[in-house]
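# Examination of the molecular architecture
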Amino acid sequence: MSVEILADILQNSKLDESAIERERDVILREQEEVDKQLEEVVFDHLHATAFQGQPLGRTILGPKENILSISREDLTDYISTNYKADRMVLVGAGGIPHETLVALAEKHFSGVKPSENPVTPGSARGPKPEFIGSEVRLRDDTIPTAHIAIAVEGVSWKDPQYFTALVAQAIIGNWDRAMGNAPHLGSKLSSFVHKHQLANSFMSFSTSYSDTGYSHSPLIPPFPSSANLYTSSLWGIYLVTDKITRIDDLVHFALREWSRLAQTVTESEVERAKAQLKASLLLSLDGTTAVAEDIGRQIITTGRRMNPAEIERVVGQITEKDVVDFAQRRIWDQDVAISALGSIEGVCLFFFFPFSLCPRMR
């Protein structure tokens, strides 16, 4: 019954004008709520400046004028163009045999046609997005804090260093002064920021996307793609502070930790980061809905699914040398994208580049 309902929704939606108008109002309210979330605004601007003039730089909701102007014809054109067999994955998790799901798919989705130029799940679907070292600042002194996101070009879903990037992110860590265990998180940057009271919080991130091909890694089995390796992602840190006169110190020491990754990391901090990463990845699969989403995302973005045991094996093989190699290739001497919002009068350009006055880390 569930598969039949899904098939009916995908293939026979009526798209009533009244329903479209109701959803339009919902999206407009969602946009208003997003605009109030400073973290969301900062990251939207970070993507916009890092991937200028490219689809990856656009927000999910889009500009208000687009929301107001979308018509039923636009929706039907989108559905007819994109709701194709080669662009869909039907996933089941829980108590359903694979053969049963295949039979249901053949019964209810056999009428879905492939694209004129079919795409293979996990294959590159367009040109490589170009990362642009740049900055955007939105000074607003009515906001008592400074919100700053700094990023380099990271690695895509299928890059051999994908899990290494996540380990490097975990080494930098996350921190919030409101947390009771803030001084004892294990991250060197966390301890330093807490000791000197430089920030309200910080969060490291490694955000990957699927506009990618693949190059072979000895750690990860080959994916079904012969395309060259593409990269479209951001690896960086998001900082929040009310110490307006000490922004330069905060940014300097954050980037100093980045440069340290390219020189030396200890076995203990790599093992801690790996343990945290494996725990977070496994804990995220806490139900059939999460498992189904994970399967679908992996198949769409990479063409295959790595099960938890395989992920644990791959992460377990990452060494200090792998982390240093990742940092040397992706962080050291690379262009940086910056998004800053709020009370950012104390943000000076050279503060972002403590190793030189040019827009590269040296």
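Residues numbered from 1 in each chain as written. Predicted model: local features only at pLDDT ≥ 70, side-chain atom pairs only at ≥ 80, totals over all residues. Heavy atoms only, no water.

The helix and strand tally for the protein chain stands at 13 helices and six strands. Among the 362 residues that make up the protein chain, the fraction classed as buried is 41%. Long-range pairs, those at least 24 residues apart, make up 83% of the contacts in the protein chain with a sequence separation of at least 6. Roughly 18700 Å² of accessible area belongs to the protein chain as shown, and the carbon and sulfur atoms make up 53% of that amount. (Helix = DSSP H or I, 4+ residues; strand = E, 2+ residues; numbered from the N terminus. Buried < 20%, exposed > 50% of the residue type's maximum accessible area, 1.4 Å probe, protein only. Contact = heavy atoms within 4.5 Å. Areas by Shrake-Rupley, 256 points an atom, 1.4 Å probe, with all protein chains shown as cover.)

Attention now moves to unusual backbone geometry. Residues other than glycine seldom take positive phi values, yet Leu-15 does so here, at roughly 55°. The exposure class assigned to Leu-15 is partly exposed, which follows from its relative accessible area of 21%. Positive phi, normally seen in glycine, also occurs at Asp-333, with a value near 60°. Take Asp-333: it is sitting in the loop between helix 13 (320-330) and strand 6 (337-342).

Now for the nonpolar core. Soluble globular proteins tend to pack their nonpolar side chains together in the buried interior. Formed by 52 residues in total, the largest nonpolar core has its most connected members in Ile-148, Ile-150, Phe-163, Trp-235, Ile-237, Trp-258 and Leu-261. It is helix 7 (residues 162-172) that provides the largest number of residues to this core, a total of nine residues. With 17 residues, the next largest nonpolar core counts Val-42, Leu-56, Val-240 and Ala-337 among its residues. (Core = buried A, V, L, I, M, F, W, Y, C linked by side-chain atoms within 4.5 Å.)

Time to look at helix 9 (residues 247-261). The terminal C-alpha atoms of helix 9, which comprises 15 residues, lie 22 Å apart, in line with the 21 Å expected from a rise of 1.5 Å per residue. Helix 9 sits mainly inside the fold: 11 of its 15 residues count as buried. Restricting attention to buried positions, one finds in helix 9 the residues Ile-247, Leu-250, Val-251, Phe-253, Ala-254, Leu-255, Glu-257, Trp-258, Ser-259, Arg-260 and Leu-261. (Expected span 1.5 Å × (residues − 1).)

Turning our attention to helix 11 (residues 288-302). Over its 15 residues, helix 11 extends 21 Å from the first C-alpha to the last, a length consistent with the 21 Å expected when each residue adds 1.5 Å. Ala-290, Asp-294, Ile-295, Gly-296, Gln-298, Thr-301 and Thr-302 are the residues of helix 11 that are buried. In the core, the buried residues of helix 11 are packed alongside helix 12 (308-316). Phi for Gly-303, located one or two positions after helix 11, is positive at around 90°.

A word on the pairing of strand 6. Most of strand 6 sits inside the fold, with six of its six residues counted as buried. Across six bridges, the pairing between strand 1 (residues 134-139) and strand 6 is parallel. Bridge pairing in strand 6 places Glu-135 opposite Ile-338. (Pairing = 2+ DSSP bridges.)

Let us look at the pattern of salt bridges. Throughout the structure, instances matching the rule amount to 15 salt bridges. One salt bridge connects Asp-294 with Arg-297, and the closest N-O pair in it is separated by 2.7 Å. Taken together, the residues Asp-294 and Arg-297, both in helix 11 and three residues apart, mark about one turn of the helix. For Asp-294, a relative accessible area of 10% corresponds to the buried category. According to the relative accessible area criterion, Arg-297 is partly exposed, its value standing at 32%. For the salt bridge of Asp-294 with Arg-305, the shortest nitrogen-to-oxygen distance reads 3.1 Å. (Salt bridge = Lys/Arg side-chain N within 4 Å of Asp/Glu carboxyl O.)

To continue, consider the environment of Ala-309. Within the fold, Ala-309 resides in helix 12. Of the residues examined, Ala-309 reaches a relative accessible area of 56% and is grouped as exposed. Along the primary structure Ala-309 and Leu-282 are separated by 27 residues, whereas in three dimensions their C-alpha atoms are 9.6 Å apart.

With that settled, the discussion passes to the sheet that holds strand 4 (residues 201-208). Strands sit in the order 1-6-2-5-4-3 across an open sheet of six strands; the sheet is mixed. Each edge of the sheet is formed by a strand with only one pairing partner; in this case those strands are strand 1 and strand 3 (174-176). The average angle at which neighbouring strand axes cross in this sheet is 15°, direction not considered. Sheet topology note: the strand 2 (residues 146-153)/strand 6 ladder contains six bridges and is antiparallel. When the sheet's bridge partners are listed, Ala-151 is paired in strand 6 with Ala-337. (Axes fitted to C-alpha atoms, helices over the stretch in contact; angles between N-to-C directions.)

Quick look at a nonpolar patch on the surface now. Side chains of Met-1, Ile-5 and Ile-9 sit close together on the surface and give an oily, nonpolar patch of about 350 Å² of accessible area. By the secondary structure assignment, Ile-9 is in helix 1 (residues 2-12). (Patch = residues over 30% accessible without salt bridge, like charges linked within 9 Å, V, L, I, M, F, W, Y side chains within 5 Å.)

The subject of this paragraph is the packing of aromatic side chains. The relative placement of two aromatic rings is captured by the distance of their centres and the angle of their planes. Tallied over the entire structure, the rule returns 10 aromatic pairs. When the ring of Trp-175 is compared with that of Phe-202, the centres are 6.4 Å apart and the planes differ by 20°; the resulting orientation is stacked. Of this pair, Trp-175 sits in strand 3 while Phe-202 sits in strand 4, placing them 27 residues apart in sequence. Here Trp-175 matches Phe-202 in class, with each residue buried. Over the face of the ring belonging to Phe-192 we find Arg-256, whose NZ or CZ atom lies 5.4 Å from the ring centre. (Phe/Tyr/Trp six-rings, centres within 6.5 Å; stacked < 30°, edge-to-face > 60°. Lys NZ or Arg CZ within 6 Å of the ring centre and 35° of its normal.)

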